[in-house]
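Below, each chain spelled out in residue letters.
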Amino acid sequence: MPRKYNAYLTVYLSLVFGIVLSLLFVLIEGAATGAARAQSELVADLGLDSVFAEYNREVLNQYELFFIDTSYGGVNGGIGMTESHLAEYMDYNMNPDKDLMLFGESTLLGLCCPYLEIEEASYASDEDCMVWKTQAVQYMKAVYGGDIMDTVKEHIDTVQENGWMDRDVAGELLEQKKAFEQALSEKGIVEFGAESAEGFSYGHISGLFDKIVGGGLLALVLPEGESVSGAVADSGVLFSERKRNGLINRGAGVHEGAKKPDGILDELIYDRYLMKMCGCYGNPKQEGRLQYQIEYILCGSDSDAANLRRSVELLFALRAAANLTSLFADSEKKSEVELVAEGICWLLAVPEFTDALAFILSSVWALAESAADVHHLLCGGKVPLMKKGDEWRTGLTGIFGGSLYGEDKETAGLTYENYLQIFLGVMNRDVKAARSLDIVEMDIRGTDGNAQFRIDRCIDYLNVNFGFQDTGGHDFVFRKKMCYES
C-alpha cells in the first residue's frame, strides 16, 4: 500500500515565499526609486552650485559682488545660455563615467533630465538697479556694520534745511549788481571806480565778481601745477542710455528673502560703497576708463574734464550759499560790510543805496571765500559746512588787496570726498544708480574677455523647474531656488 505524505509545509512555504519575494521586490523597487530621487536632487544641487560658481571674476575683484554674466564673455547673452550650462553640468553629474563605459553598458538607475526650465532670474538692473544695490548695501553692512552714516546724514540735513543746494548766490548777486548799476546810471553817476582812503571801491567789487564768475572757475581754483585727466567715457552704448530707450533685460527683481535697501540711511550706505569702489579727483581710479568716476555719477558728461568742471561749479555754489549764511550770522563781519558799503555809497553820493551795496559786498565776499574754499579742498584740505570767524580764509582787506585765496591755514571740517558724498546723498536715486552701473560696465569692458559686458545680463538668483526620469519610467518633478547670500 502506497505511503501518504502531508504536504502542508511545502504549500505553506510556497505561499510565504511568494509573499516574501513580493515584499522583497517592492523594497528593491522602493530603494531604486528613492535612490533615483536622491540622485536627481543631488544632480540638481550640484548643477546649480556649478552654475553659481561661474560668477564674473572681474565684478568680484573690482566691486566685491557676485553676479553671473550670462554672456560668459561672448557677444550675446541671456538666460538660455545659463540654462545650457546648467544642462551640461547636470548631464555630467548624472553620468560621471560616461566616457569610460563599455559599448552597450548602462548604469543601474539610468537617470535622465528631459525637462529643464529656468522660470525666474534676477538681473542686476532689475527694479531700477535695486538688485545690484541690495548686494552692495549688504556687503557694506557686513564689512562696516549697519550704523556708519549718521554724520553724513547730519551734513545732508544741514544742507537741505538751509536750502543751499537750491540757492544761486552768483545769480542773485548778478541781478542785484545790474539793478545797483542801473540806479547809479539813472542818477548820472558813471564813474564807479573812485577809491576811498582805505582802498575800497565799487569798481574793485565789480571786477572781483567778474574775475570769479566770468572766467573759467576750474582754472581759477585748480591747484598750481595740477593737470586734469583727459579720459573720456566708453564709446559703446552704456547702461543708462539703454535703460532710457527701454533696451535692457528685465527679470524677477529682488528675490524673496533678500533685504532691499530701505530709507535714507541705506541709500547713504550705498553712497559710501560708491565712494569706496570708484575714483574721483584727488583719488583717481587709474585703471578705470574714467578716472573721476564719482564726478561722472554726479554730472553724467562723457569726459573727466567736463565732469570735474561741473562738480567744481556745484561745490562752489554750495560753499557760496553756506558762506553767505555764515557771514550774515556773524555780527562782526556784518558790521564790517555795512561800514565799507556806507563809505563807498558816501563816495558815490548815494547813501540811500547802502543796504543794496551791503548785500552785493557780502555776496562778493562769500564768493571769494568760496573760491578759496574750493581751491583748498582740491589741494586736499578741509572746510567746515558752517564757518565761524577764525575759520574764514579771506577778509575784506585781503580780497581788495588781490589775495583771493587768503590765509593757507588748516581747519577741521569736510574733505572734497566728503562734499562729493553729500552731493550723492541729495541727487536723484534712480539717476545715481543707473550712472553707477555705467561705471561698472566701463571698468569691466576694459578687462580681458569682457569687451561686450553688459550689467543687465548679470544675474544673482535663479528659480528652476526640473523634470527627471529613471529607467523604470518614474518621473521626479521639483523646483529649486538659489541665490548668492546677501
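Residues numbered from 1 in each chain as written. Predicted model: local features only at pLDDT ≥ 70, side-chain atom pairs only at ≥ 80, totals over all residues. Heavy atoms only, no water.

A. Structural detail: a nonpolar patch on the surface. On the surface, Tyr12, Leu13, Val16 and Val20 cluster together into a nonpolar patch covering about 370 Å² of accessible area. Residue class for Val20 comes out partly exposed when judged on its relative accessible area of 46%. (Patch = residues over 30% accessible without salt bridge, like charges linked within 9 Å, V, L, I, M, F, W, Y side chains within 5 Å. Areas by Shrake-Rupley, 256 points an atom, 1.4 Å probe, with all protein chains shown as cover. Salt bridge = Lys/Arg side-chain N within 4 Å of Asp/Glu carboxyl O. Buried < 20%, exposed > 50% of the residue type's maximum accessible area, 1.4 Å probe, protein only.)

B. The side chain of Ser229, seen in detail. Looking at where Ser229 falls in the secondary structure, it is placed in the loop between helix H8 (217–221) and helix H9 (239–244). Here Ser229 is in contact with Gln291, Tyr292, Asp304 and Ala305, once residues within four sequence places are set aside. (Helix = DSSP H or I, 4+ residues; strand = E, 2+ residues; numbered from the N terminus. Contact = heavy atoms within 4.5 Å.)

C. Highlighting the packing of aromatic side chains. A full pass over the atoms with the stated rule returns 15 aromatic pairs. Their ring planes at 85° and their centres at 6.2 Å tell us that Tyr281 and Tyr416 sit as a pair that is edge-to-face. Taken together, the positions of Tyr281 in the loop between helix H10 (264–277) and helix H11 (293–299) and Tyr416 in helix H16 (residues 416–426) put the pair 135 residues apart, joining distant regions of the chain. Pair check on accessibility: Tyr281 and Tyr416 agree, each one buried. Taken together, Phe52, Tyr55, Phe66 and Tyr484 form an aromatic cluster joined through their ring pairs. The ring of Tyr270 has Lys133 lying over it, and the distance from NZ or CZ to the ring centre is 5.4 Å. Note that Lys387 overlies the ring of Trp392, its terminal NZ or CZ placed 5.9 Å from the centroid. (Phe/Tyr/Trp six-rings, centres within 6.5 Å; stacked < 30°, edge-to-face > 60°. Lys NZ or Arg CZ within 6 Å of the ring centre and 35° of its normal.)

D. Inspection of the pattern of salt bridges at higher detail. Following the criterion strictly, the structure yields 25 salt bridges and no others. Residue Lys260 is joined to Glu127 by a salt bridge in which the shortest nitrogen-to-oxygen separation is 2.6 Å. Within this pair, whereas Lys260 is found in the loop between H9 and H10, its partner Glu127 is found in helix H4 (residues 126–144), the two being separated by 133 residues in sequence. By relative accessible area, Lys260 is classed as partly exposed at 38%. We note a salt bridge from Lys387 to Asp373, for which the minimum N-O separation is 2.4 Å. Remark: Asp373 occurs in helix H14 (residues 354–378) and Lys387 occurs in the loop between H14 and helix H15 (396–400); sequence separation between them is 14 residues. Asp373 carries the same exposure label as Lys387, and that label is buried. Residues joined by salt bridges that share partners form a network here, namely Asp234, Arg242, Glu441, Arg445, Arg454 and Asp456.

Function cannot be read off these values alone, since they describe shape.
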